[in-house]
Amino acid sequence: MTTSQFLDMNPAQQQAVRYLDGPSLVLAGAGSGKTRVIISKIAYLVNQCAYQPGSVFAVTFTNKAALEMRERLQKLLGAQKAEELNISTFHSLGVRMLRENAQAVGLKARFSVMDAQDCFALVQSLVATTDKARLKAVMQQISLWKNALIDPDQAAGLAKTARELDAVRLYHSYQASLRAYQAVDFDDLIVLPCQMLVNEPSVRERWQNRVRYLLIDEYQDTNACQYQLVRQLTGARAMFTAVGDDDQAIYGWRGATMENLALLEQDYPQLKLIKLEQNYRSTQTILTAANTLITRNPKLFEKQLWSELGNGEAITVSRLEGELEQAQAVAIRLSAARTEKRAQWRDFAVLYRSNQQARMMEQALRDLRIPYTVSGGQSFFDKAEVRDVLAYLRLLANEYDDPAFIRAATTPRRGIGQTTLQTLGEYAAKRHLSLFAAAQEQGAQSVIQPKQREALASFVGFLQRFASRASKPAGQQPVAGLLDELMAGIDYEHYLYDVSADDRAARVRWQNVLDLLDWLKTRAADSDWGLTELVQHIALVTMLERQGDQSPDAVTLSTLHAAKGLEFAHVYLIGIEEGLLPHLGRESDDEVLIGSAQRIEEERRLMYVGITRARRSLHLTWCARRRRGGQDHACEVSRFVAEMGLEEQPSVADPNASLTPKGRLDMLRAMLTRPS
DNA sequence: ACAGAATCAAATTAT
DNA sequence: TTGATTCTGT
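Here is a short report on the structure shown in this document.

1. A short note on the pattern of salt bridges
Consideration 1: Under the defined criterion, the tally for this structure stands at 42 salt bridges.
Consideration 2: When the shortest N-O distance is used, the salt bridge between Asp245 and Lys303 registers 3.0 Å. Pair noted here: Asp245 is in the loop between β7 (240-244) and α14 (259-267) and Lys303 is in the loop between α15 (284-294) and β10 (306-307), with a separation of 58 residues, a long-range link.
Consideration 3: Residue Arg604 is joined to Glu643 by a salt bridge in which the shortest nitrogen-to-oxygen separation is 2.8 Å. Of this pair, Arg604 sits in helix α30 (residues 596-611) while Glu643 is found in helix α31 (residues 639-643), placing the two residues 39 residues apart along the sequence.
Consideration 4: For Arg604, a relative accessible area of 7% puts it in the buried group.
Consideration 5: For Glu643, a relative accessible area of 9% corresponds to the buried category.
Consideration 6: When salt bridges with common partners are traced through the structure, they connect Asp115, Asp118, Asp382, Arg387, Arg394 and Asp401 into a single cluster.

2. Considering the sheet that holds strand β3 (residues 86-89)
The strands making up a sheet associate through hydrogen bonds between their backbones, and the pairing can be parallel or antiparallel.
Consideration 1: Reading across the sheet, the six strands line up as β3-β2-β6-β7-β1-β8 and stay open at both edges, with parallel pairing between neighbours. The open sheet terminates on both sides in strands that have one partner only, identified here as β3 and β8 (272-276). Averaged over all adjacent pairs, the angle separating strand axes in this sheet is 15 degrees, with direction ignored.
Consideration 2: By the bridge criterion, four bridges tie strand β2 (residues 56-60) to strand β6 (residues 213-216) in an arrangement that is parallel. When the bridges of β6 are listed, Phe57 appears paired with Leu214.
Consideration 3: Sheet contacts for helix α2 (residues 11-18): β1 (24-28) and β8; angle to β8, the most-contacted strand, approximately 145 degrees.

3. Structural notes on the nonpolar core
Consideration 1: In this structure, Leu393, Phe405, Leu424, Phe459, Tyr492 and Leu516 are the most contacted members of the largest nonpolar core, which totals 54 residues.
Consideration 2: Apart from the residues within four sequence positions on either side, Phe405 is in contact with Leu395, Leu421, Leu424, Leu435, Phe436, Ala439, Leu456 and Phe459.
Consideration 3: Judged by nonpolar contacts, the second largest core, of 46 residues, contains Leu25, Met97, Met196 and Leu214.

4. Observations concerning helix α16 (residues 323-341)
Consideration 1: An ideal rise of 1.5 Å per residue puts 27 Å on 19 residues; α16 measures up with 26 Å between its terminal C-alpha atoms.
Consideration 2: Restricting attention to buried positions, one finds in α16 the residues Glu325, Gln326, Ala327, Gln328, Ala329, Val330, Ala331, Ile332, Leu334, Ser335 and Ala337.
Consideration 3: The positive-phi residue at the C-terminal boundary of α16 is Arg342, with phi of around 50 degrees.

Criteria and thresholds
- Residues numbered from 1 in each chain as written.
- Chains lettered and ligands numbered in written order.
- Predicted model: local features only at pLDDT ≥ 70, side-chain atom pairs only at ≥ 80, totals over all residues.
- Heavy atoms only, no water.
- Salt bridge = Lys/Arg side-chain N within 4 Å of Asp/Glu carboxyl O.
- Helix = DSSP H or I, 4+ residues; strand = E, 2+ residues; numbered from the N terminus.
- Buried < 20%, exposed > 50% of the residue type's maximum accessible area, 1.4 Å probe, protein only.
- Pairing = 2+ DSSP bridges.
- Axes fitted to C-alpha atoms, helices over the stretch in contact; angles between N-to-C directions.
- Contact = heavy atoms within 4.5 Å.
- Core = buried A, V, L, I, M, F, W, Y, C linked by side-chain atoms within 4.5 Å.
- Expected span 1.5 Å × (residues − 1).

Now the structure itself:
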């Protein structure tokens, strides 16, 4: 790597890359080449500053960002060095830290990582209630406490509102259960490594020696715990670069605090502040709208984005009758724009506030045979058949994982039911045993009915045949063979045909299982990971990795949150309505009052993120009516439209208003095929 | 233990 | 309207 990599960089970018005299904070506006700076800096460290690739760490929030970073570095550094770099999400780094030193926080190395669904089920089992909203509130509160490094005892002292008092009662038992299962939740993946570094000087020293330089992406999205982790990892040398943008802080609801940006200045007086203000992505028209909107928010740092790309196309704002009309209009216009601009499908994105808005959009795109991919939505790993198989693997990786035991024991049906599990559970609880261990004891077997006893014994015997193989050292585990035998042993394919409505559905579900197995085998083969490592990581993985290298030419459908970091030539923001885009929760909640102004500000940043995804054209749509719950409801256009300095355009006279949606669709389709 | 019928609630955002 | 969960009977 030579200085050539700097030739087309502006002075601020070059400075951000070259600055190595101490900690630095790079305030990178949207589209200002942030990722490029991080990548160049890593290459610079390795190629010109003699850093060992293995001593450079970079943390991101999503697997996708980490993956992209590694791919781009492969081109700059070659496969060998790129492989040695430590590029990962915060959570993957946490898993790794815990695995290497689990006993320091009282865990076995073979712990389980429970995803949000597992945790929800756990809380549900702790408190006998059907109130879903209450369970969610409890979980969120516990999560917020964890992210702020507040343990159950401290929380007990702090809890004041009814909601907090409710949550604090469960916080203790929730943690106790996780511990009993040798399991951690997502928050623990940051909290526990953090505690480990604080409490164990020898561990801390080892990590500080290992991490010679640390780069943190999307710094505005870090929470108190992650801030602490960064501090502990970098220690007194404080060799790190944090990159972030306070205008794009959109994860306050999960504990992120953009005050972490300001906190850096306090904690590191020598901090070097670098601003990237030139935008290379969008037209001036789009940037002006974004800037105008965001000036409504109080500023942490002053920052003025500018562009050399000229004004370009005007932004459009369109009012549509309902959701269906909106989806169809967007599909039609998008399709027409592609022809007009001689663009590809991949140049277009439709962005929305909440996942459910994708449904109707998908329908409309399908009707017009427009290829699309839905980004976000980790549907694959949420599928029942996938979770079933993973339950077996989790149990093999960690015999204390009682939730996995229960799921595996009852699917496929093998004569072990609720009564049996309850008896077994009572026996295990008395003796502080895992369900799996209890099931192997004479004492437990004697209190269970003969028929069930036999079923249980056969289940346990079956698993034991695999357990010894799964606990072999990671390098010499024939993971592929183990998986195949396991699947054959439980005859899962047969089970799927039994329980599915029709053979077609069963075929699809079995294919999902095969995809999962394939994914696991591939990962095992080229990472020398064993079953334990694979299973520990799988909760953190989303579908994106499965789509593979070759992305087909397709329109992107994405939530605004999932769209952060992406860019598209042409962006359609749909559902720009009061209540939806400034999203308003239920007003009856006693907690809601706390920061309504702050909530609007975060929603405004979300809008800002959406706008700044667009390179060349931006189109906003909103619905006059929307089905909410059961009945129709009138909607207003979002306040953000006016705040951007835009007006609703005189709506295109709609001669087809009296047509049925189907008729209109046919008509529009006909118009499309006609040359203009 | 399990499958079908009745009832009920529904709407953030995600590692 | 759906989709999911709970109840009931075998």
